[in-house]
Each structure stands twice: as C-alpha cells, then as structure tokens.
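What follows is each chain in one-letter form.
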Amino acid sequence: MFTRKNLLKSATLLVSVLMSSAAFAQGAPAHFGFGTAVTPQDLAGYFSIPPDGRGLPPGSGNAAAGAKVFAESCAACHGDKLQGNPTAGIGGDRLLGGRGSLATKTPVKTVESYWPYATTLFDYVKRSMPFSAPGSLKDDEIYAVVAYILSEAKVIKPTDVMDAKTLPKVVMPNHDGFIPDARPELSLYR
Amino acid sequence: MRQQHPAVYDEKAQRLADEMVLAEARHIAQRKAQDQDLDQDCDCKEGMFPQASVTDRRKFLFAAASVAGVAGSSALAQAADKKAPAGAFHFDVPADPTKEQGRAVLADGGYGSRSQFETEVRWRYPTPNDLTSWSMTPLDKMLGNLTPSGLHFERHHGGIPTIDPAKHSLIVHGMVDTPEKFSIDDLKRFPSVTRKHFIECSGNGLTEWNKPTLKTVQGTHGLISTSEWTGVQFSTLARELGLKEGSAWVLAEGADAAVMTRSVPMEKMLKDALVAYGQNGEALRPEQGYPLRLLLPGYEGNTHIKWLRRLEISDKPFMTREETSKYTDLLADGKARQFSMEMDAKSVITFPSGDMKLPRPGFYNIQGFAWTGRGRVQSVDVSVDGGKSWYPAQLGSSPEPICTLRFSFPWVWDGKPAVLQSRCTDETGYVQPTLKQLIAIRGSNGPFGSVYHLNAIQSWAVNEAGDVANVHA
C-alpha cells in the first residue's frame, strides 16, 4: 500500500535518481574519441609546401630535362613559348613575361612577374598539373619543369639544379610585392 | 569597346569581357524565347515582373535544342527530362485538374523536383575551359532569402568530383597533440550547429570595375548565394585534438582535381569555422563540396574549401597558388593586398534591375538583397535619383549575422528618367561605398581593376521608355 509518506519518499528517491543521471548526462566529455589515429600511410599521398620548403620531396631536375617535360606535358595548353593558350577547351595561363608591368595600366600577372615564391610553383604543379592528368608527374620531372619555367623567366640560370635545398632559396622578382590586407578601409565608416 | 573606355583592356581581358557579354546575351535570348511561347499578352513578356506572375504556360515549350547548343552537353544531362527544364520532369497538363486524378504519392520515387514551369538556371562565365569556370545565381528570380541548392553559384577549378562518402575522410594533423582521421559518420556524432550564411565569391562583379559590362543582376552580382549550413564547429575538433603552442594557420585541402588549398588564420577557425556536411536540410550538393566543405562565415568564397579532406595546422601560411597568384588585390602602385578575406558590406536592387522594362508609370515595389561579411546588416537606404537623396528601405526580416537580407522600398515612378541605387550600412558602421570612393583607394589599373572585392553601390538607370540598364552613375 502506498501511504502518503511512502509516496513522498519514493518521489524523493526518483528525483534524486533523475538528478544524478541528469548530472551524469550533462556536458560534453573531455574527449569524444570518435576519430581514429592517423597513420603514416594515411599521410603518404598528401603534401603542402610552404616557402621554407618543408615537405619538398627528394629528387632534382634542371632546365634541360624540364624542357622535355614541358614540351610533352604542358606546351599544348601553355604554349611552346609559355605564352598561354586561350583556345576553347584549353585555357592554359600565360606563364612568362610582364615584369615591370604591375604598376602600369596593363599589368600582366604571370609566374615570372607576380608569383612571390618558387615553392608555390612546385606545390601547384605537383597538385594540379598537368590539368589533363593532375598528379601524374614524378618528383624529378616536377623539379625539372619548375627549373625550366624559372630559367625561361630568367629567375635562375639554365644550369641551376632545383631540389629541396635550392628551390626555397630562389628569390622571385615580385617577392616583396605583397602587403597585408588594409581593410576595413576606415574612410568608409560613418 | 576599347576606344570607348580609357582603361586598357588587353587582348585576354577584351576576349573574356566580350565572351561574357555574349554568354549573357544568349541567356537573355533564351529567357525571352520562353516568354514568347506564352499565349497571353502580359507585362511579364518584357521581363517586367521578376517572379510568379507567369500563370499561363500551357503553350510552354522547352527549347531543349537551343539549351544544348548554348550550354553544352552537360546542361542537357542535367535536365531530368528533355522536355522539361533542368531539375524538372515533364507532365501533360490536364484541361481541368479538378476533374481527373493527379499523380500518385511517391510517383516521384520519393524525392521531389521543381515544377516543369520553373525555368530559372545558372549560366556560366565563358572561360575557355568549362572545368575551371563559374556559374551565377539568378538573383532577380529569387523568392525569399535562401538560395535553392540547385541554383547556388559555383566556382570549380578542376570540375565537380564524384566522391563516395564511405571512402572519404577528414584528416586533421600538423601542430596538434593527436592527429586524427574522421569519417563522415564520425563527424556526424559530434555536437553540431546549424546556421544561415551567405557565401560570396570575391570575384563577384569583376567585369564592372571600369565600365558597366553585363546587363543583368545575375551577371553583375550572381556570385552570391545563401544557405542554411549544418556541421561541426572547428573549435570542437580542435578541443578534441589539442592545439600545439604557436599554431596560427590552418591549411584546408579539397579532394578535387585541383586539390584546392587555402591557408586560414587560426583565429578565424576557432571563432566560427564549420566543417559542414549539411545544406538546406540535406547533404551538401556535389557542386557544393559533397560530402564535406569548410565554411568560413564572411570570408571570400574560395576559402570555403569544398570536398574537404585535410586540415593541416601550422605556424605560418603556406602561400598556395590561390593565395598568391589569385585572390590577391593588385593596387595602382603595383603592390598587391594578400589574405584579403572578409567580404565587405554590399547590397543590390534585384527588381527592377538590368534588362527589365517598366511597362508604364506607376507603383513599383523596389526589392533587393543586402549583406555583410562583418556581422549584421544595420540598415539599407534606397535612392531613385542617383544618390542625391536617400530613404530608408524596409527590411524584410530581422538581420542575422553574415547572412543576406531582403529589403524593399515602395516607389511611384513618374515616367521620368531615374537612377536606382541601394546602400548597405553594417553593424560595424561601415557604409557601402560608391565606385568612385572604392577606386580612389584601390586604383583601377588592371582591365578588371583590382579584380576582387568590388562592393560598390550598383546603379540601374530607368529611361523614359521604362528600360532598365546597368550604368555607372
């Protein structure tokens, strides 16, 4: 039989049970533990190469070897003189020229005139080029074609060898051409 | 064109501009061809009413052939049915829908599609290569604030990949205590948030720096769309993994053919970055990064990495191609601003807008969108005299952070020439500038000025005949 007292007692019990379980359920755990550990194999195919050259793979190449790679894998879309190819279905950018044009009425932005870091060229060609078969070049071929483009741009000598040590040391013509974002532009405030 | 304008268009820019104008003209022609199939004589033929007034489309014929010719085979493949517009199926229209049964429940296979009478589509900038190109949202046809997922603008640098979510994962590594790999299911187990935000490409309007180039608001402003996004906050993942002292930048990488990468300041990542898997109540659309994208509220669209597969925590930015060669703003002195991330306050009138026609003097409800990447919209003003006098617009909903807002303004057109403008002020006190003000700061030496971050006041001129045109005023 449920007496009044009994009822009160069990209700109190119930409340305290509820409260303790609620307290238990509250708040995110310190660690969810949903992920799995990253293995070296997981990262094997991934790279990203900042200006200090961290992440550059072993291997090397020079402009002579790069000229062959370029003729075979790049020229169809970027032109045999690296002048670009605007044909429909292609649209490869111009890669050379434009030095000294940035402050004029006709700025020409290319690897030669605009890009601040040579490491970016290696990183970009390795990740996205050739457009028709991205990621298909061997690291030696990438060093070589990078050497070729930089040599055609007269940024390095035709005999220079590009590798993990030399590439980060290349100083691009527009190395100092970038400034931090100056916005918000305070003159535009009420 | 070259002679008309002091700014020098080099060959490449001239070609791009010319082709954009042509592509837009084809899109307009297609719209008009559809309107001519109407058997009623109505104002809507003139592109007059932006939406919903087209009621009788019995004679509607979808010009499948002309679409294929214009947009290429991909457009055709997109149409669920060749007789219906993209995203729709064709059904015969009964003489009286009250006198016969309609379609059975689940006749659509369990997933609905839009009406065969709704024809709006994105159109694409005619870059030479349609694998690296962009398409624009028809802002003038939007009903309400959210963009239908199928009309969200796109920018791809290596096409749209097909990704099996069961084989996709997100790796977070670098300067963290414990690098981890998350499956999509893992990510969905974390606490999630749902937020409405716009995404705007910082190249939105790039043709408009030096002269009014495109005719319609879809062409001048269509690289902005708004969705409700659902996902895990980056801060939740950061807490899970632990950040090492000195971690200051995060490289986000996509799993597309461009293997797109951008460096993002850690401050932003911890403030409000989302690893999003949901868009408007369902999984992301493939064009929007299925199964995973980064969402950086208020940052330029390119940083919202789609098909996200990796976040590498670092002490310095990586200086990827997209943050050096592209998405940097070249100023008149030859220096370029880098990491110009936030999208400044902006607004545009979508009705009436370019290439519409006001059939006669009288009442028109001016409508538009306003937004800011720096918080909430505070107010919107409208001018009908080219900015000489301004009146407060009515806001269509309460402002939400980093989300578009509809505004409207009742206007009686007296039949005289008018120049319509809107001006957004955001909660930081920033006022949307005129083009002159912006060019005074940024210069305009390039064929497309400094290319990115054009957020100037847009002007639409109405002449005595009621024709609405894109002008610089």
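As the structure is a prediction and not an experimental result, all values here were calculated from the model.

> Could you clarify how one ought to interpret the overall build of chain A in this entry?
For chain A, the helix and strand inventory stands at six helices and four strands. When the helices and strands of chain A are listed from N to C terminus, the series reads α-β-α-β-α-α-α-α-β-β. Taking all 190 residues of chain A together, the buried fraction comes to 41%. Taking the intrachain contacts of chain A between residues at least 6 apart in sequence as the baseline, contacts between residues at least 24 apart amount to 56%. Surface accessibility of chain A: about 10700 Å² in total, with carbon and sulfur atoms responsible for 62%.

> Please explain the confidence of the model for chain B as it appears in this structure.
Any residue range with low pLDDT should be treated as having predicted coordinates unsuitable for detailed reading. Residues and elements named next belong to chain B. Model confidence for chain B is summarised by a mean pLDDT of 90, while 88% of its residues fall at 70 or above. Low pLDDT, under 50, characterises residues 1–6; the stretch is placed with seven contacts to residues that sit more than four places away or in other chains. In this model residues 50–79 is a low-confidence stretch, pLDDT under 50, and it forms 51 contacts with partners more than four residues away in sequence or in other chains. Scored as a whole, the predicted complex attains pTM 0.90, and scored at its interfaces, ipTM 0.88.

> Sorry if this is basic, but what is going on with the interface of chain A and chain B here?
It is common to give the size of an interface as the accessible area that goes away when the parts come together. In this complex, chain A contributes 58 residues to the contact, which on the side of chain B involves 77 residues. Buried surface at the junction of chain A and chain B, summed over both partners, amounts to about 5600 Å²; 53% is from carbon and sulfur atoms. Looking at the side of chain A facing chain B, the largest losses of area belong to Phe34, Arg183 and Leu188 of chain A, adding up to 13% of the total buried there. One can count seven salt bridges joining chain A with chain B.

> Could you clarify how one ought to interpret the pairing of strand S2 (residues 133–136) of chain B in this entry?
Within a regular beta strand, the side chains point alternately toward one face of the sheet and then the other, so they alternate between its two faces. All names here are of chain B. The alternating pattern of S2 places Ser133 and Ser135 and Trp134 and Met136 on opposite faces, both of which are buried. Here strand S1 (residues 123–124) pairs with S2 via two bridges, running antiparallel. Within S2, the residue paired with Trp123 across the bridge is Met136. In terms of strand pairing, S2 meets strand S3 (residues 154–156) through three bridges, oriented antiparallel. Among the inter-strand pairings, Trp134 is bridged to a residue of S3, identified as Arg155.

> Just to check I follow, could you spell out the packing of aromatic side chains for this structure?
To describe a pair of aromatic rings, one takes the distance between the centres and the angle between the planes. What the rule picks out here adds up to 16 aromatic pairs over all chains. Aromatic rings pair up to connect Phe32 and Phe34 of chain A together with Phe182 and Phe190 of chain B into one cluster. Arg103 of chain B extends its terminal NZ or CZ atom over the ring of Phe91 of chain B, reaching a point 3.7 Å from the ring centre. Across from the ring centre of Phe369 of chain B, 4.0 Å away, lies the NZ or CZ of Arg406 of chain B, which sits over that ring.

> Before we go on, may I ask you to explain the nonpolar core in this structure?
Taken as a class, soluble globular proteins show a tendency for nonpolar side chains to be buried jointly. Among the nonpolar cores identified, the biggest contains 41 residues, and Leu358, Ile366, Phe407, Trp411, Leu420, Trp460 and Val462 of chain B are the most heavily contacted of them. Contributing elements (two or more residues each) for this core: strand S16 (346–351), strand S17 (362–371), strand S18 (377–383), strand S21 (405–413), strand S22 (418–426), helix H8 (435–442) and strand S23 (459–462) of chain B. A domain-level breakdown of this core finds at least three residues from each of domain 1 (8–339) and domain 2 (346–471) of chain B. Counting residues in each nonpolar core, the second largest holds 39 residues, with Val111, Trp115, Leu121 and Tyr148 of chain A among its members.

> In this structure, what is going on with helix H3 (residues 63–73) of chain A? I would like to understand it.
Count 3.6 residues to each turn of an α-helix, and residues three or four apart come out pointing the same way. Residue and element names in this part refer to chain A. Of all the residues in H3, the buried ones are Ala63, Gly66, Val69 and Phe70. Looking straight down H3, one finds its buried side chains confined to an arc of 110°; they lie on one side. Along H3, the residues that are exposed and aim more than 90 degrees away from the buried face are Ala64, Lys68, Ala71 and Glu72. Residues of H3 that are buried make contact with strand S2 (60–62), helix H4 (75–78) and helix H6 (139–152).

Reading guide: rules and limits
- Residues numbered from 1 in each chain as written.
- Chains lettered and ligands numbered in written order.
- Predicted model: local features only at pLDDT ≥ 70, side-chain atom pairs only at ≥ 80, totals over all residues.
- Heavy atoms only, no water.
- Helix = DSSP H or I, 4+ residues; strand = E, 2+ residues; numbered from the N terminus.
- Buried < 20%, exposed > 50% of the residue type's maximum accessible area, 1.4 Å probe, protein only.
- Contact = heavy atoms within 4.5 Å.
- Areas by Shrake-Rupley, 256 points an atom, 1.4 Å probe, with all protein chains shown as cover.
- pLDDT = per-residue confidence, 0-100.
- Buried area = accessible area lost by both parts, 1.4 Å probe.
- Salt bridge = Lys/Arg side-chain N within 4 Å of Asp/Glu carboxyl O.
- Pairing = 2+ DSSP bridges.
- Phe/Tyr/Trp six-rings, centres within 6.5 Å; stacked < 30°, edge-to-face > 60°.
- Lys NZ or Arg CZ within 6 Å of the ring centre and 35° of its normal.
- Core = buried A, V, L, I, M, F, W, Y, C linked by side-chain atoms within 4.5 Å.
- Domains from an automatic or database assignment.
- Arc of directions from axis to C-beta.

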